[in-house]
Amino acid sequence: MVREVGRIVNQHSNAVVVQTQRGEKIPCRLRGRFKLQGIFPYVGDMCEFTRDGFGGGVVENILPRQNFLMRPKVANVDQAVIVTSFKKPQLDLLTLDTYIVLVEEAGLDIVVVFNKSDLLTQEERKRMEKTVDGYNTLYRTVMVSALTGENLWRLEEVLKDKVSVFAGVSGVGKSSLLNAISPALELKVNEVSKDGRGKHTTTTSTLLSLPYDGFVVDTPGFVSLSVDHIPFKRLQRYFKEFHDHSKKCFFDDCLHRNEMRCGVKKAVKEGKIMRSRYENYLKLLERIERGTRNER
Ligand SMILES: Nc1nc2c(ncn2[C@@H]2O[C@H](COP(=O)(O)OP(=O)(O)OP(=O)(O)O)[C@@H](O)[C@H]2O)c(=O)[nH]1
Ligand SMILES: [Mg+2]
Ligand SMILES: [Zn+2]
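Keep in mind that what you see is a predicted model, and the values were worked out from it rather than measured.

**Student:** An account of the overall build of the protein is requested, with residue identities and associated values reported.
**Tutor:** Of the regular secondary structure elements, the protein holds eight helices and 13 strands. For the protein, the C-alpha atoms occupy an extent of roughly 70 × 45 × 30 Å along the three principal directions. Looking at the protein residue by residue over its 296 residues, the buried ones come to 33%. Long-range contacts, defined as pairs at least 24 residues apart, comprise 64% of the intrachain contacts of the protein with a sequence gap of at least 6.

**Student:** Describe the sheet that holds strand E2 (residues 15–20), and please don't skip the residues or the numbers.
**Tutor:** Pairing between the strands of a sheet is mediated by backbone hydrogen bonds and can be parallel or antiparallel. Pairing within the closed barrel is mixed, and its five strands lie in the order E1-E2-E3-E5-E4. Direction aside, the axes of adjacent strands within the sheet are offset by 55 degrees on average. Note: strand E1 (residues 4–11) against strand E4 (residues 46–51), four bridges, orientation antiparallel. In the sheet register, Gly6 faces E4, and the bridge partner there is Cys47.

**Student:** Pulling in residues and values, what's your account of the sheet that holds strand E10 (residues 140–143)?
**Tutor:** The six strands are arranged E10-E9-E8-E11-E13-E12 in an open sheet whose pairing can be described as mixed. Every interior strand has two partners, whereas the edge strands, E10 and strand E12 (207–209), have only one. On average, each strand axis in the sheet is tilted by 25 degrees relative to the strand beside it, whichever way the strands run. As judged from the seven bridges shared by strand E8 (residues 79–85) and strand E9 (residues 109–115), these two strands associate in the parallel manner. Along E9, the bridge assignment pairs Ala80 with Ile110.

What counts and how
Residues numbered from 1 in each chain as written. Chains lettered and ligands numbered in written order. Predicted model: local features only at pLDDT ≥ 70, side-chain atom pairs only at ≥ 80, totals over all residues. Helix = DSSP H or I, 4+ residues; strand = E, 2+ residues; numbered from the N terminus. Buried ≥ 20, exposed ≤ 12 C-beta atoms within 10 Å, placed from the backbone. Contact = placed C-beta atoms within 7 Å. Pairing = 2+ DSSP bridges. Axes fitted to C-alpha atoms, helices over the stretch in contact; angles between N-to-C directions.

Everything listed is a geometric property; what it means functionally is a separate question.
Right under this line is the structure:
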């Protein structure tokens, strides 16, 4: 039997959908031995499959993964697109920095999207551009509006030829952005409730193919934004603009908090590190320490 290579784009307990390079979607079952061997396919996995002659097929083998995420369960991801909105819900930099830490820890490339630019007044826009510029020195950033279509072409450039995971709190417009780029996806979109929080409209992970080469996973967001599992000494690694400055700290194990002669604190004072990023670092550090103490 001829073995072909495809990508798993959807997964139920014992069946998957495999997409071929030509874009054909083939429902496949899994070899029974997978369970015995502890092989659990993820959405995003590349696999070898054979056809059954009736439009379906069997997955014979899962090819080695480049990487994988646990929440949501996705394999071979190139980048995480962290989506925020300026308003409804209000931009929350602590939440953004928390996502950044979690994605940095997963070792994925990061793109930061600021959505709903249409809701900003001229004045607010000027202020916000400073924040966006600040993040732009660290990561690829795009300021967009799913409603007006502003800069959507930039977002498309970012997604082209890659497997991306969309992350971000409920209601920021992840599904709306994907629909705006590719109306054929017809993802469900919902109203933000009166308290400004979203309602978690999207509840499953599927690999969606874009009109040009590229896949996205529209996720309900990381299930948890907990950072408790990160050792507190390691946290600073995920604030990459600290690296160079921390070399000038007097103490090798400086946490950039109350220590004397701290290169990071100096850089914050001199405006070389965004103050909000530094303050969020301290907040997360405290969260981790509290979490660790609670466990004991
Ligand atoms: N004004 C404005 N509203 C937007 C924009 N993008 C999305 N919305 C609205 O925001 C609400 C939430 O959008 P969704 O796309 O469902 O948000 P989501 O991030 O997918 O939310 P979950 O699936 O719950 O995680 C909807 O009412 C959208 O119409 C935008 O650019 N501007
Ligand atoms: Mg959604
Ligand atoms: Zn320091």
